[in-house]
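# Structural description and commentary
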Amino acid sequence: MMVRLPYYLSIFLLTLCFTAFAQDFSVSGKVVDANSNAIVLANVVVLAEDGNSFVKGTSTDDKGIFKINNLPAETYFIKVSFIGFEDFEQIIILRGNLDLQTVQLNETPESLDEVTVIGKKPTIIRKPDRLIFNVENTALTEGSTLSVLKSTPGIIVSDGGINIKSAPATVFINNRRVQLTSQELITLLESSPANSIKSVEVITNPPASYDADSGSVINIIMSKNLVTGYRGSVFTNYTQGVFPRYNAGTSHYFKNNKVNLNVNYSYTNQKINRDQDDTVDFFDTNDQIEQIWKSNVNRNAWSENHNLNLNFDYYIDDKNTLSLTGTGLYTPYYKYQIRNNTDITDDDLDFLGRFTADNLSRDNKFNIGTDLIFRHDFENSAALTFNAHYTIYDYERDQNVFSNFFNQNNVFNNSSEFNTLANQDTHILTGKVDYTLPINETSSFDAGVKYSNINTDSNITKVDIIGASEVIDVNNTDAFKYDETVFAAYSNYTKSWDKWDLSLGLRVEQSNIEGESLTLAQTNTQDYLDWFPNAGLSHQILEDVSLYVTYKRSITRPSYTDLNPFTFFLNENSVVLGNPNLIPTYRDHFKIGTNFLEHFTFEAYYMNYDGDIVELPRQNNITNVIAFTPTNLDNKVDFGFDFAFDYYPTSTWNLYFVTSFYNITEEANFGDGFVELSQWSNYSVLQNSLAFLEDQSLNINLTLTWVGKNVQQLQTVEDRLFSEFSVTKTILNKKGVISLSVEDLFNYQDSDSSLRYRDQSSASFVDSDNRFIKLGFRYRFGNTKLSTNERATAAEERERLKDLN
């Protein structure tokens, strides 16, 4: 039924749209504030002449411009609104295409009285380089920031990280990269309330101002600070998965004519379960199956996390602003337990033996980053920004592994035990200067330079416990020093004329990298200069038909731990092994698309990866050891076709549907033969958002995401269905909000993958702790009209920090 549902839904929605095709006229304009600054994502609603019946609506784009098409020749009531501003209302008589020119919204007089916010519907704006998902004051913002990302079209959140379809995504908040490891990022977003989110941008073609290794970007835009005063909120969440989880926090914001101050704190206490069934076929020298290893693995992770975010803006005068931001994540308690039972049989399934491996790790880590920012605005609307950033990341792991081995009669044979001590100390220092210049009303130019340095010291000590003695394993004990320096410069130019829009960008980066293994006396150096162009061109062919084409080149550098040659033992037969010979990945991304009939978008894309970095499980058929090691593929190609439809059947009901048919081909040569895997797949999203009651205070959202059988890292991943249902209700005179959400309604979200090539054969089923019910409550106090300046402090390098899990 899941495969047939998008087909019938598409027929239904197509019929709805074509009934509106015969309507002729449009109303357009530009929405600005009192200083003539464009107001982005203002709501524009066309009502019947009586001002009650909804006809059509839209939101302004990033230039404050709106256009509503296909309106019959009648008299209407138009309303333009944006939080913190007085509404613009006017009766219009439509006898042809009407251009309202400039619509100015005046700021609402400052007051500390409560403002009642009517629940709004999510809106979607598609541009050649990005999708903008506006969620401000919708039901989605009553959950966590991570739940908003899960409901954003194109984004997939799983145990492995955050992806835009099949490609890893880089997360920014207010155009600043989040400075956490991938696991810390998910923890932070899960524990952070979403009530201050204005919109989520899914940027598939970032401009040259973004680092070349940004790839595809998710930019979370927080609400702008509008009026003076104080506001605050407290929240708490209870989640019941396999085990209960708890989360609570508070946010405080203050603004006057000189100062913006925002402080956020959250605490999370949780236990996460994961069950995994693995099968490995080991081959003999004749490529025949000699042994079959079937493992049942249970993983539990206990953790306590403290998150603190501070943002301070000081307005020196009308032209100069000084800002200080800081982000801290402290994990004083993290316990990670793995219980593994592996049965060994021959090809006829006759029992040959088994072993158990108990792994217990305790971690202690903190991650603190801060930015100092100075911005100067010129008379001609140009701006110059200086940004200095520093990060310190400290990580310690103490691991104990105890294994028991049993013979073919299932009688205890022997045991082994070892301890591992691992430490990582990272310092990141960056400085950059950005200049933006609006040349005129139709063109702009921006440029910048950046310096970054990353220095990492890490060491690992493996101690074998033999009897009552501890013996250092010198072959698996090492110290590693890593130093990376990148010099970068960029420029962007945009131009609009008649019905054309052009954007051009170029970024150049010089990278100097050195990795030194002190114990092994190995030094690896990489020095390279690369150019990264990007371009976009769009044309308004007809009033309701536009065509666009984009191109971008980007890079993915190996992470620090990927280059580290350490061998980290999970047990006697499973290790995580670094690769100092990794080289960067280069990606070329082409896209052509069209928007038509107001509700439709069709795109075709092609992405070529040169040297894609993937972590592969490589089995050694002689030693029976599986090593998880990062490797460069020879080539990877991803191409496909996307179709999207966005429609409002009523003023309180939004339907969004997107489907993508794509093919991924991966190629690699491991020295013993060429490997190629290719697979067509389907990615589809169906989203419903509804508001109920007269004041629209009851909101419901249902999101279904289908990910068909596909290829990832030379593995075949079977079909998956992601599902989330959420309900929110405002109470206590609009100051309180209760929320309920359920994830993985159909228990079809777990990963089932297999690997079959050459002498490699394995399969894995992962039952993650992603099926849960979540109950939340938030209470607001103070001036609830204020919006926050919250942002994450950022340096583009920090995402490549990795834990040793």
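Note that the structure is a prediction, hence the values are computed from the model and not measured. (Residues numbered from 1 in each chain as written. Predicted model: local features only at pLDDT ≥ 70, side-chain atom pairs only at ≥ 80, totals over all residues. Heavy atoms only, no water.)

## Some thoughts on the pattern of salt bridges
In plain terms, the rule: Salt-bridge detection follows one rule: a side-chain nitrogen of Lys or Arg within 4 Å of a carboxyl oxygen of Asp or Glu. Each helix is a run of H or I in the DSSP string that is no shorter than four residues. Each strand is a run of E no shorter than two, and both are numbered from the N terminus. Note on classification: 1.4 Å probe, protein chains only; a residue is buried when its accessible area is under 20% of the maximum for its type, exposed when over 50%, partly exposed between these limits.
Going through the model one piece at a time under the given rule, you end up with 16 salt bridges. In this structure, lysine 67 and glutamate 543 form a salt bridge, with 4.0 Å as the shortest nitrogen-oxygen distance. Here lysine 67, found in strand E4 (residues 65–71), pairs with glutamate 543, found in the loop between strand E28 (522–542) and strand E29 (545–556); they are 476 residues apart in sequence, far enough to count as distant. Using a relative accessible area of 31% as the deciding quantity, one classes glutamate 543 as partly exposed. Here glutamate 509 ties to arginine 557 by a salt bridge, and the two come within 2.5 Å at their closest N and O atoms. With glutamate 509 in strand E27 (residues 500–517) and arginine 557 in the loop between E29 and helix H4 (560–563), this residue pair connects regions lying 48 residues apart in the sequence. Residue class for arginine 557 comes out buried when judged on its relative accessible area of 5%. Three or more residues joined by partner-sharing salt bridges are found here, namely Asp211, Lys450, Arg507, Glu509 and Arg557.

## As for the sheet that holds strand E7 (residues 98–104)
Test applied: Strands were regarded as paired on the criterion that DSSP finds at least two bridges between them. Only the stretch in contact is used when a helix axis is fitted, and all axes are lines through C-alpha atoms; the angle between N-to-C directions ranges over 0 to 180 degrees.
The three strands are arranged E4-E1-E7 in an open sheet whose pairing can be described as mixed. Single-partner strands in this sheet number two, and they are E4 and E7. Shown here is a sheet whose adjacent strand axes are inclined to one another by a mean of 15°, direction ignored. Bridging between strand E1 (residues 25–32) and E7 involves five bridges; their strand directions are parallel. Paired with serine 28 across the strands is aspartate 99, a residue of E7.

## Observations regarding the confidence of the model for the protein chain
Reading fine detail from the predicted coordinates is not recommended where pLDDT is low. In plain terms, the rule: For every residue, the predictor reports its confidence as pLDDT, a number between 0 and 100. Every residue pair with non-hydrogen atoms within 4.5 Å of one another is taken to be in contact.
Residues at a pLDDT of 70 or more form 88% of the protein chain, whose mean pLDDT is 84. Between residues 110–120, whose pLDDT stays under 50, and residues either more than four places distant or in other chains, the model counts 27 contacts.

## Structural notes on the side chain of serine 26
Here serine 26 shows up in strand E1. Here serine 26 falls in the buried class, since its relative accessible area comes to 2%. Residue contacts for serine 26: discarding those within four places in its chain leaves Lys67, Ile68, Asn69, Leu94, Gly96, Asn97, Leu98 and Glu543.

## What about the pairing of strand E15 (residues 216–222)?
Among the seven residues that make up E15, seven are buried, leaving the element largely enclosed by the rest of the structure. Across the two faces of E15 the burial is the same, with Ser216, Ile218, Ile220 and Met222 and Val217, Asn219 and Ile221 all buried. As paired elements, strand E12 (residues 167–173) and E15 share five bridges and run parallel to each other. Note that in E15 the partner of alanine 169 across the bridge is serine 216. Pairing between strand E14 (residues 197–203) and E15: six bridges, direction antiparallel. In the strand pairing of E15, isoleucine 197 is matched with methionine 222.

## Focus on the nonpolar core
Stated precisely, the cut-off is as follows: As used in this record, nonpolar core signifies buried Ala, Val, Leu, Ile, Met, Phe, Trp, Tyr and Cys residues forming a set joined through side-chain atoms within 4.5 Å.
The biggest cluster of nonpolar side chains holds 47 residues, and the ones touching the most others in it are Leu149, Ile155, Ile162, Val200, Ile218, Ile220 and Leu714. For this core, the element with the most residues is strand E37 (residues 653–669), which contributes five residues.

## Brief notes about unusual backbone geometry
Phi at asparagine 624 takes a positive value of approximately 60°, unusual for a residue other than glycine. Along the chain, the position of asparagine 624 falls in the loop between strand E34 (613–620) and strand E35 (625–632). The buried category is assigned to asparagine 624, whose relative accessible area is 14%. Phi angles above zero are rare outside glycine, and arginine 758 is one such case at about 45°. Inspection of the secondary structure assignment puts arginine 758 in the loop between strand E44 (751–757) and strand E45 (760–768).

## What to know about the sheet that holds strand E2 (residues 43–48)
Pairing between the strands of a sheet comes from backbone hydrogen bonds, and it takes one of two forms, parallel or antiparallel. Taken in spatial order, the four strands make up an open sheet running E3-E2-E5-E6, and their pairing is antiparallel. Each edge of the open sheet is held by one strand with a lone partner, namely strand E3 (54–59) and strand E6 (88–93). Pairwise comparison of adjacent strand axes, ignoring direction, gives a mean angle of 20° for this sheet.

## Things to note about the pairing of E27
Pairing analysis gives 18 bridges linking strand E26 (residues 478–497) to E27, with the strands arranged antiparallel. Paired with alanine 488 across the two strands is glutamate 509, which belongs to E27. Between E26 and E27, which follow one another and run antiparallel, lie two residues, and aspartate 498 among them has a positive phi close to 45°. Sheet topology note: the E27/E28 ladder contains 18 bridges and is antiparallel. Directly across from leucine 506, in E28, lies its bridge partner proline 533.

## Focus on the environment of asparagine 579
The following threshold applies: Under this definition, polar contacts are N or O atom pairs within 3.5 Å; protein pairs additionally need one hydrogen-donor-capable and one acceptor-capable atom, and for neighbouring residues in sequence, both atoms have to be side-chain atoms.
The topology assignment puts asparagine 579 in the loop between strand E31 (574–577) and strand E32 (585–596). Distance in space between the C-alpha atoms of asparagine 579 and proline 565 is 5.6 Å, their sequence separation being 14 residues. Not counting the four nearest positions on each side in its chain, asparagine 579 is found in contact with Asp562, Leu563, Asn564, Thr629, Pro630 and Thr631. Engagement of the side chain of asparagine 579 in a polar contact is seen with the backbone oxygen of proline 630, the distance being 3.1 Å.

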